[in-house]
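Close look at the chain arrangement
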Amino acid sequence: QKEVEQNSGPLSVPEGAIASLNCTYSDRGSQSFFWYRQYSGKSPELIMSIYSNGDKEDGRFTAQLNKASQYVSLLIRDSQPSDSATYLCAVLQAGTALIFGKGTTLSVSS
Amino acid sequence: KAGVTQTPRYLIKTRGQQVTLSCSPISGHRSVSWYQQTPGQGLQFLFEYFSETQRNKGNFPGRFSGRQFSNSRSEMNVSTLELGDSALYLCASSLLTGGEGYTFGSGTRLTVV
């Protein structure tokens, strides 16, 4: 099984700052990449998907993909205390299996 | 639109017993996957079903099994429970494949004593 690596954190940023979350993956054949947010005691929630190299923006979130470097990132602009959660990077393998990183815990202080 | 529904929410079982967990996907979703989440290992893929067929399987022992019914509802079974099976079991569904992203249910918290 291929791997997905994330820094576990915690990543602490002040309210209004940009939070940058990073992820690397080992399977060069991967084509679909996702970011999930998981609040404590809750299930993962899909917040971004990205399939081609470059940036994809959705509101305050921007996902970036670089397949040559096998690198995916998530930027959260104007971070809010409500963004405090664990962010999980996931890579789709064999078309149907999500392989997750261990997650990065983000803490946004007001 | 109803989300992914998992039952029961909590379970306490004794070592050696078996357990069956249930999942109803979002209406119209035909792909159902199961994941195990533990503090040490994180989220790990168990298996995926589509049209009553297992299409993909993770690296778990044969004690973990699943099935899918014609209405896309799915069950997973764990036999001969071990203490290490204590975890949050999450079901996720998508329309056809994982390419469009999976939506997760609230999970079943299994405690093995």
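Residues numbered from 1 in each chain as written. Chains lettered and ligands numbered in written order. Predicted model: local features only at pLDDT ≥ 70, side-chain atom pairs only at ≥ 80, totals over all residues. Heavy atoms only, no water.

Moving on: the overall build of chain A. Scanning chain A from N- to C-terminus turns up zero helices and 11 strands. Radius of gyration (C-alpha) of chain A: 13 Å, near the 13 Å computed for a compact globule of 110 residues. Counting only C-alpha atoms and orienting by the principal axes, one finds that chain A spans roughly 40 × 30 × 20 Å. Going through the 110 residues of chain A one by one, you find that 46% of them count as buried. Carbon together with sulfur atoms contributes 46% to the accessible area of chain A, which is approximately 5,100 Å² in total. Across chain A, the centroid of the 9 positively charged side chains sits 5 Å from that of the 10 negatively charged ones. (Helix = DSSP H or I, 4+ residues; strand = E, 2+ residues; numbered from the N terminus. Rg over C-alpha atoms; globule rule 2.2 N^0.38 Å. Buried < 20%, exposed > 50% of the residue type's maximum accessible area, 1.4 Å probe, protein only. Areas by Shrake-Rupley, 256 points an atom, 1.4 Å probe, with all protein chains shown as cover. Lys, Arg positive; Asp, Glu negative; His and termini not counted. Charge placed at Lys NZ, Arg CZ, Asp CG, Glu CD.)

Residues and elements named next belong to chain A. With respect to topology, five strands assemble into an open sheet ordered β1-β3-β8-β7-β6, the strand pairing being antiparallel. Each of the sheet's edge strands pairs with one partner strand only, and the pair in question is β1 (4–6) and β6 (54–58). Along the sheet, successive strands turn relative to each other by an average axial angle of 20°, direction set aside. Bridge analysis of strand β7 (residues 61–66) against strand β8 (residues 71–76) gives six bridges, and the strand direction is antiparallel. Across the sheet, the residue bridging to Gln64 is Ser73, located in β8. (Pairing = 2+ DSSP bridges. Axes fitted to C-alpha atoms, helices over the stretch in contact; angles between N-to-C directions.)

Each partner contributes to the interface: chain B provides 21 residues, whereas chain A provides 18 residues. By the criterion of area lost to chain A, the three top residues of chain B are B:Leu43, B:Tyr102 and B:Phe104, representing 30% of everything that side buries. Here chain B is connected to chain A by zero salt bridges. Here chain B and chain A share nine residue pairs in polar contact (both at pLDDT 80 or more) between them. If you list the elements that add at least two residues to the side of chain B that touches chain A, you get β4 (31–38), β5 (42–50) and β6 (53–57) of chain B. Sort the elements by how many residues they give to the side of chain B that touches chain A and β5(B) lands first, with four residues. Across the side of chain B that touches chain A, the residue classes break down as six nonpolar, 12 polar and three charged. (Contact = heavy atoms within 4.5 Å. Buried area = accessible area lost by both parts, 1.4 Å probe. Salt bridge = Lys/Arg side-chain N within 4 Å of Asp/Glu carboxyl O. Polar contact = N/O pair within 3.5 Å; in protein donor to acceptor, adjacent residues only side chain to side chain. Nonpolar A, V, L, I, M, F, W, Y, C, P; charged D, E, K, R; others polar.)

Here the focus is the pattern of salt bridges. Residue and element names in this part refer to chain B. For the coordinates displayed, the defined rule picks out eight salt bridges over all chains. Between Glu82 and Arg63 there is a salt bridge, and its shortest N-O distance comes to 3.6 Å. Taken as a pair, Glu82 in the loop between β8 (74–78) and β9 (87–94) and Arg63 in the loop between β6 and β7 (64–68) lie far apart in primary sequence, 19 residues in all. We classify Arg63 as buried; its relative accessible area is 17%. Arg73 is the salt-bridge partner of Glu75, the closest N and O atoms lying 3.5 Å from each other. By relative accessible area, which is 25% here, Arg73 ends up partly exposed. One network of salt bridges, in which partners are shared, links Arg63, Glu82 and Asp85.

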